[in-house]
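Topology and contacts: notes
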Amino acid sequence: MSLPKLKLISFSLCPFVQRSVITLLEKEVPYEIEYIDLNNPPAWFHEVSPLEKVPVLLVDDQPLFESMAICEFLDEVTPGSLYPEDPFARAKNRAWIEFGNELLGAVFTYANTPDEATYKQNLMGVKDRLETLDEFFEGGPYFNGDNFSLVDAVYAPIFRMLRCLEGMQAQDVYEDAPQIAPWAETLLQRPSVINAVQASYNEDYCNRIQSSGSIFAQKIGV
Ligand SMILES: N[C@@H](CCC(=O)N[C@@H](CS)C(=O)NCC(=O)O)C(=O)O
(Lines give C-alpha, C1' and ligand atoms only; values in the text may rest on other atoms or scores of the structure.)
Protein backbone atom coordinates (compact mmCIF):
# COMPACT_ATOMS: atom_id res chain seq x y z
CA MET A 1 0.00 0.00 0.00
CA SER A 2 1.44 3.39 -0.88
CA LEU A 3 1.09 5.92 1.89
CA PRO A 4 0.86 9.70 1.51
CA LYS A 5 3.77 11.90 2.57
CA LEU A 6 3.29 12.66 6.26
CA LYS A 7 4.60 15.55 8.32
CA LEU A 8 3.62 16.15 11.93
CA ILE A 9 3.60 19.72 13.25
CA SER A 10 4.50 19.44 16.90
CA PHE A 11 5.42 21.03 20.17
CA SER A 12 8.02 19.15 22.17
CA LEU A 13 6.08 18.80 25.45
CA CYS A 14 2.58 18.27 24.06
CA PRO A 15 0.81 15.10 25.26
CA PHE A 16 -1.61 15.28 22.30
CA VAL A 17 1.32 15.27 19.87
CA GLN A 18 2.68 12.19 21.65
CA ARG A 19 -0.51 10.26 20.88
CA SER A 20 0.10 10.83 17.18
CA VAL A 21 3.79 9.96 17.36
CA ILE A 22 3.07 6.76 19.31
CA THR A 23 0.54 5.79 16.62
CA LEU A 24 3.03 6.54 13.81
CA LEU A 25 5.67 4.42 15.56
CA GLU A 26 3.28 1.58 16.40
CA LYS A 27 2.12 1.46 12.77
CA GLU A 28 5.72 1.80 11.53
CA VAL A 29 4.83 4.67 9.23
CA PRO A 30 7.62 6.92 7.90
CA TYR A 31 7.06 10.58 8.77
CA GLU A 32 8.77 13.92 9.20
CA ILE A 33 8.33 16.05 12.29
CA GLU A 34 8.60 19.80 12.71
CA TYR A 35 8.64 21.37 16.16
CA ILE A 36 7.21 24.87 16.48
CA ASP A 37 7.26 27.35 19.33
CA LEU A 38 3.65 27.71 20.46
CA ASN A 39 4.45 31.06 22.11
CA ASN A 40 5.67 32.37 18.81
CA PRO A 41 4.05 30.24 16.08
CA PRO A 42 5.08 30.65 12.46
CA ALA A 43 2.86 32.80 10.21
CA TRP A 44 1.56 29.75 8.31
CA PHE A 45 0.32 27.98 11.47
CA HIS A 46 -3.18 29.51 11.44
CA GLU A 47 -3.69 28.31 7.87
CA VAL A 48 -3.14 24.67 8.83
CA SER A 49 -4.61 24.72 12.34
CA PRO A 50 -8.03 26.35 12.73
CA LEU A 51 -7.82 26.02 16.54
CA GLU A 52 -4.15 27.08 16.50
CA LYS A 53 -3.20 23.93 18.33
CA VAL A 54 -0.83 21.06 17.72
CA PRO A 55 -0.70 18.36 16.55
CA VAL A 56 -1.40 18.95 12.87
CA LEU A 57 -0.66 16.21 10.37
CA LEU A 58 0.17 17.31 6.84
CA VAL A 59 -1.03 14.52 4.56
CA ASP A 60 0.52 15.15 1.15
CA ASP A 61 0.59 18.79 2.34
CA GLN A 62 -3.14 18.76 3.28
CA PRO A 63 -3.63 19.63 6.96
CA LEU A 64 -5.52 17.45 9.42
CA PHE A 65 -5.99 18.75 12.98
CA GLU A 66 -7.15 17.16 16.30
CA SER A 67 -5.05 14.37 17.76
CA MET A 68 -7.68 11.61 17.73
CA ALA A 69 -8.72 12.41 14.15
CA ILE A 70 -5.03 12.04 13.26
CA CYS A 71 -4.56 8.79 15.21
CA GLU A 72 -7.70 7.22 13.75
CA PHE A 73 -6.75 8.29 10.22
CA LEU A 74 -3.30 6.74 10.62
CA ASP A 75 -4.85 3.60 12.06
CA GLU A 76 -7.26 3.28 9.13
CA VAL A 77 -4.73 3.78 6.32
CA THR A 78 -2.30 1.18 7.66
CA PRO A 79 -2.68 -2.58 8.11
CA GLY A 80 -4.14 -3.91 11.36
CA SER A 81 -6.00 -1.77 13.88
CA LEU A 82 -5.22 -0.25 17.24
CA TYR A 83 -8.94 -0.46 18.08
CA PRO A 84 -10.84 -3.64 18.96
CA GLU A 85 -12.89 -5.15 16.13
CA ASP A 86 -16.11 -5.42 18.11
CA PRO A 87 -18.16 -2.17 17.73
CA PHE A 88 -19.20 -2.02 21.38
CA ALA A 89 -15.64 -2.61 22.60
CA ARG A 90 -14.44 0.04 20.12
CA ALA A 91 -17.05 2.53 21.35
CA LYS A 92 -16.00 1.85 24.95
CA ASN A 93 -12.39 2.50 23.97
CA ARG A 94 -13.44 5.89 22.60
CA ALA A 95 -15.35 6.63 25.80
CA TRP A 96 -12.25 5.87 27.92
CA ILE A 97 -10.20 8.08 25.63
CA GLU A 98 -12.55 10.91 26.62
CA PHE A 99 -12.01 9.97 30.27
CA GLY A 100 -8.29 10.25 29.51
CA ASN A 101 -8.87 13.83 28.33
CA GLU A 102 -10.46 14.61 31.71
CA LEU A 103 -7.56 12.98 33.56
CA LEU A 104 -5.10 14.95 31.44
CA GLY A 105 -6.90 18.18 32.40
CA ALA A 106 -6.70 17.21 36.08
CA VAL A 107 -2.97 16.43 35.77
CA PHE A 108 -2.38 19.78 34.07
CA THR A 109 -4.21 21.61 36.89
CA TYR A 110 -2.27 19.63 39.51
CA ALA A 111 1.11 20.30 37.84
CA ASN A 112 0.35 24.01 37.68
CA THR A 113 -0.97 24.35 41.24
CA PRO A 114 -0.19 27.94 42.21
CA ASP A 115 -0.34 27.68 46.04
CA GLU A 116 -0.64 25.41 49.10
CA ALA A 117 -4.34 26.24 49.45
CA THR A 118 -5.30 24.42 46.25
CA TYR A 119 -2.60 21.74 46.29
CA LYS A 120 -4.62 19.07 48.13
CA GLN A 121 -7.73 19.69 46.04
CA ASN A 122 -5.76 19.44 42.78
CA LEU A 123 -3.95 16.32 43.95
CA MET A 124 -7.34 14.76 44.79
CA GLY A 125 -8.59 15.68 41.31
CA VAL A 126 -5.94 13.36 39.90
CA LYS A 127 -6.20 10.64 42.54
CA ASP A 128 -10.00 10.44 42.33
CA ARG A 129 -9.90 9.97 38.56
CA LEU A 130 -7.18 7.32 38.82
CA GLU A 131 -9.28 5.52 41.45
CA THR A 132 -12.32 5.58 39.14
CA LEU A 133 -10.19 4.33 36.24
CA ASP A 134 -9.00 1.51 38.46
CA GLU A 135 -12.59 0.57 39.40
CA PHE A 136 -13.49 0.06 35.73
CA PHE A 137 -10.14 -1.28 34.52
CA GLU A 138 -10.48 -4.74 33.01
CA GLY A 139 -7.15 -4.91 31.25
CA GLY A 140 -3.52 -5.70 31.90
CA PRO A 141 -0.87 -5.56 30.72
CA TYR A 142 -2.54 -3.09 28.26
CA PHE A 143 -5.95 -1.43 28.45
CA ASN A 144 -7.59 -4.10 26.29
CA GLY A 145 -5.49 -6.97 27.62
CA ASP A 146 -2.68 -8.35 25.48
CA ASN A 147 -2.91 -5.87 22.59
CA PHE A 148 -1.68 -2.28 22.62
CA SER A 149 -4.45 0.13 21.54
CA LEU A 150 -5.14 3.81 20.97
CA VAL A 151 -6.37 4.00 24.57
CA ASP A 152 -2.82 3.11 25.64
CA ALA A 153 -1.45 5.78 23.28
CA VAL A 154 -3.66 8.36 25.02
CA TYR A 155 -2.79 7.42 28.61
CA ALA A 156 0.97 6.87 28.14
CA PRO A 157 1.78 10.62 27.84
CA ILE A 158 -0.28 11.30 30.98
CA PHE A 159 1.63 8.64 32.92
CA ARG A 160 4.88 10.17 31.66
CA MET A 161 3.86 13.57 33.11
CA LEU A 162 2.91 11.96 36.41
CA ARG A 163 6.28 10.18 36.51
CA CYS A 164 8.07 13.55 36.14
CA LEU A 165 5.91 15.10 38.85
CA GLU A 166 6.63 12.15 41.18
CA GLY A 167 10.32 12.93 40.69
CA MET A 168 9.74 16.51 41.87
CA GLN A 169 8.06 15.46 45.10
CA ALA A 170 7.16 12.15 46.70
CA GLN A 171 3.41 11.67 46.16
CA ASP A 172 2.06 8.25 45.34
CA VAL A 173 -0.85 9.23 43.11
CA TYR A 174 -1.57 5.55 42.41
CA GLU A 175 -2.10 4.50 46.04
CA ASP A 176 -5.85 3.99 45.50
CA ALA A 177 -5.39 2.69 41.94
CA PRO A 178 -3.37 -0.52 42.32
CA GLN A 179 -4.10 -1.80 38.79
CA ILE A 180 -3.17 1.49 37.13
CA ALA A 181 0.40 1.66 38.48
CA PRO A 182 1.54 -1.53 36.66
CA TRP A 183 -0.31 -0.45 33.51
CA ALA A 184 1.57 2.88 33.63
CA GLU A 185 4.86 1.06 34.15
CA THR A 186 4.23 -1.25 31.17
CA LEU A 187 3.44 1.72 28.94
CA LEU A 188 6.46 3.74 30.04
CA GLN A 189 8.71 0.87 28.99
CA ARG A 190 7.18 0.43 25.54
CA PRO A 191 9.58 1.54 22.75
CA SER A 192 6.95 3.62 20.89
CA VAL A 193 6.20 5.49 24.12
CA ILE A 194 9.88 6.01 24.99
CA ASN A 195 10.64 7.24 21.47
CA ALA A 196 7.62 9.54 21.21
CA VAL A 197 9.54 12.34 22.92
CA GLN A 198 12.97 13.90 22.60
CA ALA A 199 15.71 12.71 24.98
CA SER A 200 15.51 15.96 26.96
CA TYR A 201 11.75 15.61 27.66
CA ASN A 202 11.94 14.98 31.43
CA GLU A 203 14.31 17.86 32.03
CA ASP A 204 12.35 20.18 29.72
CA TYR A 205 9.03 19.28 31.36
CA CYS A 206 10.42 19.86 34.88
CA ASN A 207 11.87 23.20 33.77
CA ARG A 208 8.56 24.27 32.31
CA ILE A 209 6.65 23.38 35.46
CA GLN A 210 9.21 25.18 37.59
CA SER A 211 9.15 28.32 35.47
CA SER A 212 5.34 28.42 35.44
CA GLY A 213 5.14 29.48 39.08
CA SER A 214 3.82 26.08 40.12
CA ILE A 215 4.05 25.00 43.73
CA PHE A 216 6.19 22.11 42.48
CA ALA A 217 9.04 24.58 42.02
CA GLN A 218 8.67 25.81 45.60
CA LYS A 219 8.48 22.25 46.93
CA ILE A 220 11.89 21.43 45.52
CA GLY A 221 13.22 24.84 46.44
CA VAL A 222 13.75 26.29 42.97
N1 LIG B 1 -8.09 18.74 21.30
C2 LIG B 1 -6.76 19.00 20.80
C3 LIG B 1 -5.92 19.57 21.92
C4 LIG B 1 -4.51 19.93 21.45
C5 LIG B 1 -3.85 20.94 22.39
O6 LIG B 1 -4.45 21.44 23.36
N7 LIG B 1 -2.59 21.25 22.08
C8 LIG B 1 -1.91 22.29 22.83
C9 LIG B 1 -0.45 21.90 23.12
S10 LIG B 1 -0.31 20.51 24.18
C11 LIG B 1 -1.84 23.54 22.01
O12 LIG B 1 -1.56 23.49 20.84
N13 LIG B 1 -2.10 24.69 22.62
C14 LIG B 1 -1.96 25.95 21.96
C15 LIG B 1 -3.02 26.90 22.39
O16 LIG B 1 -3.96 26.50 23.09
O17 LIG B 1 -2.90 28.07 22.02
C18 LIG B 1 -6.18 17.70 20.26
O19 LIG B 1 -6.57 16.63 20.75
O20 LIG B 1 -5.36 17.75 19.32
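Everything quoted here is computed from the prediction, not taken from an experiment. (Residues numbered from 1 in each chain as written. Predicted model: local features only at pLDDT ≥ 70, side-chain atom pairs only at ≥ 80, totals over all residues. Heavy atoms only, no water.)

Quick notes on the overall build of the protein
Secondary structure assignment for the protein yields 10 helices and four strands. Helices (α) and strands (β) of the protein occur, in sequence order from the N terminus, as β-α-β-α-β-β-α-α-α-α-α-α-α-α. Here the C-alpha radius of gyration of the protein, 18 Å, is about what a compact globule of 222 residues would show, namely 17 Å. Based on the C-alpha atoms only, the size of the protein along its principal axes is roughly 55 × 45 × 25 Å. Counting all 222 residues of the protein, 47% fall into the buried class. For the protein, the proportion of contacts with a sequence separation of at least 24, taken over those separated by at least 6, is 71%. Accessible surface computed for the protein: about 11,000 Å², of which carbon and sulfur atoms make up 51%. (Helix = DSSP H or I, 4+ residues; strand = E, 2+ residues; numbered from the N terminus. Rg over C-alpha atoms; globule rule 2.2 N^0.38 Å. Buried < 20%, exposed > 50% of the residue type's maximum accessible area, 1.4 Å probe, protein only. Contact = heavy atoms within 4.5 Å. Areas by Shrake-Rupley, 256 points an atom, 1.4 Å probe, with all protein chains shown as cover.)

Comments concerning the domain arrangement of the protein
Segmenting the protein into domains produces domain 1 (6-76) and domain 2 (87-219). Measuring from the centre of the C-alpha atoms in domain 1 to the corresponding centre in domain 2 gives 21 Å. The interface is formed by 16 residues belonging to domain 1 together with 23 residues belonging to domain 2. Of the roughly 1,800 Å² buried where domain 1 meets domain 2, counting both sides, 66% is carbon and sulfur surface. Across the domain 1-domain 2 interface, the total number found is five residue pairs in polar contact (both at pLDDT 80 or more). Listing elements by their share of the side of domain 1 that touches domain 2, those giving two or more residues are α1 (15-26) and α3 (67-76). Here the side of domain 1 that touches domain 2 takes nine residues from α1, the largest share from any one element. When its residues are assigned to classes, the side of domain 1 that touches domain 2 shows 10 nonpolar, three polar and three charged. (Domains from an automatic or database assignment. Buried area = accessible area lost by both parts, 1.4 Å probe. Polar contact = N/O pair within 3.5 Å; in protein donor to acceptor, adjacent residues only side chain to side chain. Nonpolar A, V, L, I, M, F, W, Y, C, P; charged D, E, K, R; others polar.)

Re the side chain of Ser49
On the secondary structure map, Ser49 appears in the loop between α2 (45-48) and β3 (56-59). A distance of 2.7 Å separates the side chain of Ser49 from the backbone oxygen of Lys53, its partner in a polar contact.

Considering the sheet that holds strand β4 (residues 62-65)
Pairing is mixed across the open sheet formed by four strands, whose spatial order is β2-β1-β3-β4. Looking along the sheet, the strands with just one partner apiece sit at the ends: β2 (32-35) and β4. Strand-to-strand twist in this sheet, taken as the mean axis angle between neighbours without regard to direction, amounts to 25 degrees. Of the strand pairs in this sheet, strand β1 (residues 6-10) and β2 are connected by four bridges, and their pairing is parallel. Of the residues in β2, the one forming a bridge with Ser10 is Tyr35. Set on the sheet, α1 makes contact with β1 and β2; between it and β1 the angle comes to about 155 degrees. Against the sheet, α3 makes contact with β1, β3 and β4, and its axis sits at roughly 115 degrees relative to β4, the strand it touches most. (Pairing = 2+ DSSP bridges. Axes fitted to C-alpha atoms, helices over the stretch in contact; angles between N-to-C directions.)

With respect to the nonpolar core
In summary, soluble globular proteins display a tendency toward joint burial of nonpolar side chains. By size, the foremost hydrophobic cluster in this structure holds 73 residues, and its most contacted members are Leu130, Tyr155, Phe159 and Leu165. Here this core takes 13 residues from helix α6 (residues 150-168), the largest share from any one element. Looking at which domains feed residues into this core, each of domain 1 (6-76) and domain 2 (87-219) gives three or more. If sequence neighbours within four positions are ignored, Tyr155 has contacts with Trp96, Phe99, Gly100, Leu103, Leu133 and Trp183. (Core = buried A, V, L, I, M, F, W, Y, C linked by side-chain atoms within 4.5 Å.)

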